[in-house]
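So you can see what is in the structure, the chains are spelled out below.
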Protein chains: 2
Amino acid sequence: MPSSPRPSPPPPPTSSAAPGREALSRERVVAAAVAIADADGLGAVTMRRVAADLHCEAMSLYHHVPSKDALLAALADEVLRQVAQATAAVTASSWDDAVRRRCLAARDVMLRHPWAPGLVAAQTTSPPSVWPVYEQLVGTLTEAGFDDDLAHRAIHALGSMLLGFSRELFESDGDTLAPDPGETAVGENLPNLARMAASVVHETDGALSVCDTRAEFEFTLDLVLSGLDRHRLARSGA
Amino acid sequence: MPSSPRPSPPPPPTSSAAPGREALSRERVVAAAVAIADADGLGAVTMRRVAADLHCEAMSLYHHVPSKDALLAALADEVLRQVAQATAAVTASSWDDAVRRRCLAARDVMLRHPWAPGLVAAQTTSPPSVWPVYEQLVGTLTEAGFDDDLAHRAIHALGSMLLGFSRELFESDGDTLAPDPGETAVGENLPNLARMAASVVHETDGALSVCDTRAEFEFTLDLVLSGLDRHRLARSGA
DNA sequence: ACCTGAACACCGTTCAAGT
DNA sequence: ACCTGAACACCGTTCAAGT
């Protein structure tokens, strides 16, 4: 075996030449970028700055991340992973209490990363960590008696409450709510989401196409408006 | 007295030396930037690119816009001006129909400028063009019998539906819904908003501070959840 | 006053070269 | 294989100089 300056039999984390520096990895790069964004804002996340914080050169990062856009996408995914973890831990006796606590838990995560909602909204393709969040939500709604169509509308209506952005409400092209089937065995890992997506796609009664964002927008809008009207009536009656 | 917006007697647009080129102005700079963003995305909006489209040099822009950030803020304000114009034209017989049509009109504007919701959300200070939109909304709600507190909650709940973003829902520090009093004679131009802001600020029954974003978030959330529950019951009953 | 050329201090990224 | 120095093509912005 080649003579190494650190032939330590139980090599801790690094087997590289440099003794002081820990080996670079995608996780360390992402973690450093998150720390920078938290401390100095998303604008401070620069390839050169991330590299400096990791005590390496900017070009070294390209061995673990294909581009800066990919790094930003990884940041968005990392935050959604935290959201998924926070919401997965929530338990409640009723479906609405469960959803309510999960939205508040997601909000807590976003408040710790104020740059996250904007970054998540800017992603052109859905970060994979969002699917478990939706899967759990659809599962809860289905158990509570929601049919697939109503669960689908609920996901759209609750999207901005869960993720802090409402991008999908303002999109014109649909198919937002369907995870890539080839990605990771959707049918196995995301059974509720897969069933709902298939059910909604086959819906052709005219009210809903694949993802009619105009219809989803109006549904959420009517939810809010009718709720406000009930508050108005309750107050004027008292 | 109606002071005409164009008191200029005859001189066409340009009195400068260059004959072919029209004189630069803040309006032309902003318009060029909007056109670039519409055509090639917000990332294409570059001082050098805007200047090239106006057939001048990048540094000339700084005579009409103090910085690129200021230019982007002007872009956000321009889109909200279009929203204000679109919503101001809406008439309806009931308050909820009026609000509903205004939200849809705002959405139409945003769909024509897909970069706008994100840019508006990124603004750290509220673009002034948003105040007329809120003023009209509060006026409509007040006429319909909303008290100031409920109108205030309604504005928060409808914010993302009107503007395509939900930034305020995820903010931790309040006072979002109070226009700068010194800016433009709030009491005169924004009477409903001024009254509501004053009323809500004085509220101290514990339920609401100046702008308790956590409380606003929960209010909107409960609006959506209870609305979904009514849909669930209606469908299971049928 | 309004506009401009050159220059400065940054970016993301490529590439050939190191180990 | 992983890392790096130098270099390229861009940024936003300053400044002294033009008209």
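Residues numbered from 1 in each chain as written. Chains lettered and ligands numbered in written order. Predicted model: local features only at pLDDT ≥ 70, side-chain atom pairs only at ≥ 80, totals over all residues. Heavy atoms only, no water.

Caption draft 1: Highlighting the overall build of chain A. Along its length, chain A carries 10 helices and zero strands. Helices (α) and strands (β) of chain A occur, in sequence order from the N terminus, as α-α-α-α-α-α-α-α-α-α. Considering only contacts within chain A whose residues lie at least 6 apart along the sequence, 69% involve residues at least 24 apart. (Helix = DSSP H or I, 4+ residues; strand = E, 2+ residues; numbered from the N terminus. Contact = heavy atoms within 4.5 Å.)

Caption draft 2: Seen up close, the protein's contact with DNA strand D. Around DNA strand D, 16 residues are found, and the nearest of them are Ser60(A), His63(A), His64(A), Arg48(B) and Tyr62(B). Sugar and phosphate atoms represent 50% of those atoms of DNA strand D found within 4 Å of the protein. One nitrogen or oxygen atom from the main chain of Met47(B) is found 3.1 Å from a phosphate oxygen belonging to DNA strand D. The contact in question runs from a phosphate oxygen of DNA strand D to an N or O atom on the backbone of Lys68(B), over 2.9 Å. By residue class, the composition of the surface near DNA strand D is six nonpolar, five polar and five charged. (Near = heavy atom within 4 Å. Polar contact = N/O pair within 3.5 Å; in protein donor to acceptor, adjacent residues only side chain to side chain. Nonpolar A, V, L, I, M, F, W, Y, C, P; charged D, E, K, R; others polar.)

Caption draft 3: Molecular detail of the packing of helix 10 (residues 213–237) of chain A against helix 4 (residues 95–112) of chain B. In contact at an axis separation of 10 Å, helix 10 of chain A and helix 4 of chain B are set at 150 degrees when each is read in the N-to-C sense. On the basis of the axis angle, helix 10 of chain A is roughly antiparallel to helix 4 of chain B. Seen along the crossing, helix 10 of chain A lies across helix 4 of chain B with a hand that is right-handed. Note on element contacts: helix 4 of chain B touches helix 10 of chain A through Trp95(B), Asp96(B), Val99(B), Arg100(B), Cys103(B), Leu104(B) and Arg107(B), opposite Thr213(A), Arg214(A), Phe217(A), Glu218(A), Leu221(A), Asp222(A), Leu225(A), Leu228(A), Asp229(A) and Arg232(A). (Axes fitted to C-alpha atoms, helices over the stretch in contact; angles between N-to-C directions. Parallel < 35°, antiparallel > 145°, perpendicular 65-115°, else oblique. Left-handed = near helix turned anticlockwise from the far one by under 90°.)

Caption draft 4: Looking closely at the confidence of the model for chain A. Residues and elements named next belong to chain A. Mean pLDDT over chain A stands at 83; residues scoring 70 or higher make up 77%. Under a pLDDT of 50 for its full length, residues 1–20 has, in the predicted model, four contacts with residues more than four places off or in other chains. Confidence drops under pLDDT 50 across residues 167–175; counting only partners more than four residues distant or on other chains, this segment forms 30 contacts. (pLDDT = per-residue confidence, 0-100.)

Caption draft 5: Spatial organisation of the packing of aromatic side chains. Tallied over the entire structure, the rule returns four aromatic pairs over all chains. Each ring, one from Trp95(B) and one from Phe146(B), has its centre 4.9 Å from the other, and the planes form 70 degrees; the classification is edge-to-face. Residue Trp95(B) is found in helix 4, and its partner Phe146(B) is found in the loop between helix 6 (130–143) and helix 7 (148–163); the two are separated by 51 residues along the sequence. Arg107(B) extends its terminal NZ or CZ atom over the ring of Phe217(A), reaching a point 5.2 Å from the ring centre. (Phe/Tyr/Trp six-rings, centres within 6.5 Å; stacked < 30°, edge-to-face > 60°. Lys NZ or Arg CZ within 6 Å of the ring centre and 35° of its normal.)

Caption draft 6: Looking closely at the protein's contact with DNA strand C. For DNA strand C, the set of nearby residues contains 16 residues, the closest of which are Arg48(A), Tyr62(A), Ser60(B), His63(B) and His64(B). Taking the atoms of DNA strand C that fall within 4 Å of the protein, sugar and phosphate contribute 52% of them. Met47(A) is positioned such that a nitrogen or oxygen atom in its backbone is 3.1 Å from a phosphate oxygen of DNA strand C. In terms of residue class, the surface near DNA strand C is built from six nonpolar, five polar and five charged.

Caption draft 7: Structural view of the pattern of salt bridges. As enumerated under the stated definition, the model contains 26 salt bridges over all chains in all. In this structure, the salt-bridge partner of Asp40(A) is Arg49(A), at a minimum N-O distance of 3.1 Å. Its relative accessible area of 47% is what places Asp40(A) among the partly exposed residues. Of the charged contacts, one joins Arg235(B) and Asp149(A) as a salt bridge, the two residues approaching to 3.0 Å between their closest N and O atoms. You can see Arg235(B) sitting in helix 10 (residues 213–237) and its partner Asp149(A) sitting in helix 7 (residues 148–163), one on each of two chains. For Asp149(A), a relative accessible area of 10% gives the class buried. (Salt bridge = Lys/Arg side-chain N within 4 Å of Asp/Glu carboxyl O. Buried < 20%, exposed > 50% of the residue type's maximum accessible area, 1.4 Å probe, protein only.)

Caption draft 8: Spotlight on the relation of the copies chain A and chain B. Mapping chain A onto chain B calls for a rotation angle of 180 degrees and an axial translation of 0.0 Å; the resulting RMSD is 0.0 Å. Between the two chains, the operation in question is that of a two-fold axis. An overlap of 100% is found between the interface residues of chain A and their copies at the interface of chain B, pointing to a shared contact surface. (Least-squares fit on C-alpha atoms with pLDDT ≥ 70 in both.)

Caption draft 9: Inspection of the interface of chain A and chain B at higher detail. Taken together, the contacts link 47 residues of chain A with 47 residues of chain B. Summed over both sides, the interface of chain A with chain B buries roughly 4500 Å², with 67% coming from carbon and sulfur. Summed over the shared surface of chain A and chain B, the result is eight salt bridges. Scanning the region where chain A abuts chain B turns up 14 residue pairs in polar contact (both at pLDDT 80 or more). (Buried area = accessible area lost by both parts, 1.4 Å probe.)

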